[in-house]
Amino acid sequence: MNKKQEHLEQTMETIHQKDNTPQIIIDEEAEKKEILSRYRKLLKSIKRKITPQERQNIRKAFDLAVKAHANVRRKSGEPYIYHPIAVAQICAEEMGLGDTSIICALLHDTVEDTDITLQDIEKLFGKKIASIINGLTKISTVLDKNQSIQAENFRKVLLTMAEDIRVILIKIADRLHNMRTLEHMSREQQIKIASETLFLYAPLAHRLGLNSIKTELEDLGLKYTNPEAYHEIAEKLKETEEERKKYIQKFIQPVKKALEEKKFKFKIFGRPKSIYSIYNKMIKKHVSFEEIYDLFAIRIVIDSEPDNEKSDCWEVYSIVTDIYHPFPDRLRDWISTPKSNGYESLHTTVMGPEGKWVEVQIRTTRMDELAEKGYAAHWKYKEASHERENKLEEWLKKVREALENPDPDALEFIDDFKLNLFSDEIYVFTPKGDMKTLPVNATALDFAFEVHTKVGEHAIGAKVNQKLVPLSHVLQSGDQVEILTSAKQKPNEDWLKFVVTARAKSKIKTALKEQRKKVAEEGKEILKKKLQKVDLPYESEIINEMVSFFKLPNVMELYYRVAVENIDLPDLKSFKKYKESKRKKTNIQENEKIETLVTRTRGKGDLLVIGDKMEHLDYKLSPCCNPIPGDDVFGFITTEEGIKIHRVNCPNAIHLLSHYAYRVVKAKWINEHLISFLAGIKVKGIDKLGLVNELTKVISNEHQVNMRSIRFDTEDGLFEGDITVYVHDTKHLNRLIKNLKKVEGVTSVYRMDGTENNQ
Ligand code: MN
């Protein structure tokens, strides 16, 4: 808490009345002072030179925002205006943006939440600012007000972003401030907003090169989606801090001395890895905190003239590797070839003191600033960042292109697109030597579509470094690729199995849909004739019934299946039978609405209470994460199986919460000790005589847990075991895991997500 906030706290007094509802007495004068002081702090944080005219405009925007949001408070009880000021401050200080963005940030919630109209803004501040505010308002109505990011909305967001990059930068600043103040929201809101942040905003920040903001968004996202894991890692980082600092000093000392001798101006320091990245590593590699060796990286930032940047960085590399031996395959040169988000740096991993591998990052002050603050910091280094800007432009162009192809399977589009936002890159070359950037695992076919849609559609094979390869061939950085085409070639379904770029996927799907449409046209005529044979009329009502009878997504699919004889006369006959039998029965409503589904399934459910009213409803425990009492859980309404219960940290949760938030219901455990639940545990360690015996002893004797199954594999002296046990709740399970870890020879024990597929 800073001094000013403290002061504010003191001026706000909380009195508990008889009915225990807290009431806040507000000192308006103190608040006014506080607002002004925050505004002054904002002005000071502006890094560019601004003219008196620009300063006047910022003041005008501030006054307007203060007036518009007067008497409105945030959930925390603070005046609303603190929020737009904070967002503007993030834009100025952490992104290095200028007056236009600051004005827009100050006004970003006015059109949506107050009486001020877009016309007012245009009259006062001109067309440009009005159009950015318009973009921000549009995003916020599609994203924030709707219950989830639906595909079509996502497309709109990206389209707006592609129009003016400042829209998305301000939106990210807005989200960052909301995440920083998320503690005041309800648990449901926290989970929803945090999931969306991890799903969309953090990858966007990454793509725009806003490294520190991305890291903060991810850490905060984890804090609210998986508080337990977050606090555990934070705690352990703190515990090990002293030790780490000592080690870093030991590592740095000789390097520092050598750099000083060579008269470098530099900073050298250890940077801890983010909690989120440590968490990810633990999950992905199934290792414990203690087993992660790269909890930090050493960063060397040097002052360098624009012309000497590259050679200076390599000289530093040479100095470092004279002292510590480098790991041969771990050199990454993003100075010669920057990443497409503009990242430039030299990374290597060296053998440090005490036999520990340490990552070293070497870069110049300019590169460091760009890496932390991203695109927006480029104004300071206009010329040198020329290439960087081009890269971003290229990426935005790709976004626009991907959006031009409206895709009915837009949800898939989101996932493809997101994949591309996140993935690392490779650099490959055309026969003429032009460089193309592709995501890791891109194939020759992805490359073909990158060159041109027509090249992709007619591709039959490729030559990589002069050698003939199939289209599914995975490319490596540095490959030179030539695509072979044939006029007769057409895209086929199989292609979708190996392409990875959003562009290739969407182009192939469009082409396939065209082909399907043609076949479907024929199917329509065939269906007419076949219906005659079974004595049913060809009319839209019948057709629609058939679509739902055969569980198809749409009419076109029906026609298509008829054309390829996947649906034939016998099927039509059974449809007719079903129709006749249905007429006799009393109507059972199909396509029940969620509400009716919930009421209908109301019943036993004695372990969980569900929904806003915390009722007893019927539910199923989802096998993908296998929740047990004590887990933080939510209910997800499915159309076929009623309510399914997932863990909040289920691998699928972020996807479900961000795509289908409207189908999520609250759920809470009760009666925790009545029934046992099945949970899977994985144990790894060094094999020795009697170990299995000891493990089973811990399980059955010490805890009186029932074991359902146990399976051990040993290889080269290492063992791996899968144990499934019945436990009452998470406390019970964690106690068991803790005790298993104590067994000599055991190196790691962790809970598996599902009991169905243990791999
Ligand atoms: Mn806002």
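Structure: see above.
Asks: Could you give an account of the pattern of salt bridges, with specific residues and numbers?
Replies: Counted by the stated rule, this structure contains 30 salt bridges. Residues Glu309 and Arg366 are paired through a salt bridge, measuring 3.0 Å at the closest nitrogen-oxygen approach. With a gap of 57 residues between them, Glu309 in helix α16 (residues 309-323) and Arg366 in helix α17 (residues 365-373) connect regions that are remote in the sequence. There is no split in this pair, since Glu309 and Arg366 are both buried.

Asks: With reference to specific residues and values, describe the packing of aromatic side chains.
Replies: In this description, an aromatic ring pair is defined by two values, namely the gap between the centres and the angle between the planes. Summed over all chains, the structure comprises 11 aromatic pairs. Seen in terms of ring centroids, Trp314 and Tyr317 are 5.3 Å apart; in terms of plane orientation they differ by 75 degrees. Their pairing is edge-to-face. Remark: Tyr317 and Trp314 occur in helix α16; sequence separation between them is three residues, near one turn of the helix. For Trp314, a relative accessible area of 27% gives the class partly exposed. Grouping aromatic residues by their ring pairs yields a cluster made of Phe549, Phe550, Phe575 and Tyr578. Of note, Arg38 hangs over the ring of Tyr82, and the distance from its end group to the ring centre comes to 3.7 Å. Between the NZ or CZ atom of Arg330 and the centre of the ring of Phe327, over which it lies, the distance is 4.4 Å.

Asks: Mind laying out the sheet that holds strand β12 (residues 467-469), listing which residues take part and the relevant values?
Replies: What links the strands of a sheet is backbone hydrogen bonding, and the strands pair in either a parallel or an antiparallel sense. Ordered by their spatial adjacency, three strands build an open sheet running β12-β11-β13, and the pairing between neighbours is antiparallel. In the strand order of this sheet, the two ends are held by β12 and β13 (481-485), each with one partner. Averaged over all adjacent pairs, the angle separating strand axes in this sheet is 30 degrees, with direction ignored. Pairing geometry for strand β11 (residues 459-464) and β12, over three bridges, is antiparallel. Paired with Ala462 across the bridge in β12 is Val469. Strands β11 and β13 of the sheet are contacted by helix α20 (residues 444-451), whose axis makes an angle of about 85 degrees with β13.

Asks: Which residues make up the packing of helix α2 (residues 28-44) against helix α4 (residues 82-94), and what values go with them?
Replies: For the pair α2 and α4, the least separation of the axes is 9 Å and the interaxial angle reads 15 degrees. Classed by the angle they form, the pair α2 and α4 counts as roughly parallel. The chirality of how α2 crosses α4 is left-handed. Along its contact with α2, which presents Glu31, Glu34, Ile35, Arg38, Tyr39, Lys41 and Leu42, the element α4 presents Tyr82, Ile85, Ala88, Gln89 and Ala92. Residue classes in the contact of α2 with α4 are distributed as seven nonpolar, one polar and four charged.

Calculation notes
Residues numbered from 1 in each chain as written. Predicted model: local features only at pLDDT ≥ 70, side-chain atom pairs only at ≥ 80, totals over all residues. Heavy atoms only, no water. Salt bridge = Lys/Arg side-chain N within 4 Å of Asp/Glu carboxyl O. Helix = DSSP H or I, 4+ residues; strand = E, 2+ residues; numbered from the N terminus. Buried < 20%, exposed > 50% of the residue type's maximum accessible area, 1.4 Å probe, protein only. Phe/Tyr/Trp six-rings, centres within 6.5 Å; stacked < 30°, edge-to-face > 60°. Lys NZ or Arg CZ within 6 Å of the ring centre and 35° of its normal. Pairing = 2+ DSSP bridges. Axes fitted to C-alpha atoms, helices over the stretch in contact; angles between N-to-C directions. Contact = heavy atoms within 4.5 Å. Parallel < 35°, antiparallel > 145°, perpendicular 65-115°, else oblique. Left-handed = near helix turned anticlockwise from the far one by under 90°. Nonpolar A, V, L, I, M, F, W, Y, C, P; charged D, E, K, R; others polar.

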